[in-house]
Amino acid sequence: MPTTLRDLLHDPSLGLELLVSGDLDREIRWVHVTELADASPYLVGDALVLTAGVWRGRRHSATGFVRALFVRDVGGVGSRWRVGDS
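A few points on the structure. (Residues numbered from 1 in each chain as written. Predicted model: local features only at pLDDT ≥ 70, side-chain atom pairs only at ≥ 80, totals over all residues. Heavy atoms only, no water.)

**Structural notes on the pattern of salt bridges**
Stage number 1. As enumerated under the stated definition, the model contains five salt bridges in all.
Stage number 2. Note that Asp-46 is salt-bridged to Arg-29, the shortest N-O span being 3.5 Å. Of this pair, Asp-46 sits in the loop between strand E1 (30-33) and strand E2 (47-51) while Arg-29 is found in the loop between helix H1 (5-9) and E1, placing the two residues 17 residues apart along the sequence.
Stage number 3. For Asp-46, a relative accessible area of 22% translates into the label partly exposed.
Stage number 4. Residue Arg-29 is classed as exposed on the basis of its relative accessible area of 53%.
Stage number 5. Within the structure, one salt-bridge network assembled from shared partners comprises Arg-26, Glu-27, Arg-29, Asp-46 and Asp-73. (Salt bridge = Lys/Arg side-chain N within 4 Å of Asp/Glu carboxyl O. Helix = DSSP H or I, 4+ residues; strand = E, 2+ residues; numbered from the N terminus. Buried < 20%, exposed > 50% of the residue type's maximum accessible area, 1.4 Å probe, protein only.)

Structure (structure tokens):
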């Protein structure tokens, strides 16, 4: 059975928090870790993208990062930071 975003969010051992709602029943087929400001050329749809946000210190915005992922139909983004954190 494929893993969904809902499965990940409901696993208490992961300690995840939903910040932006969406299709939680979407299947995750790939997981990518990136610190590129625009990783979209390397991604496919139904991916979960994980980032520590290192690219944020390089004059790149979270909005631009997410916009590039949206164009590639990424299923979700996971990070240790929140928009607005310094």
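**Focus on the side chain of Thr-51**
Stage number 1. Mapped onto the elements, Thr-51 comes out in strand E2.
Stage number 2. Within the structure, Thr-51 has its side chain in polar contact with the side chain of Glu-35 (distance 3.0 Å). (Polar contact = N/O pair within 3.5 Å; in protein donor to acceptor, adjacent residues only side chain to side chain.)

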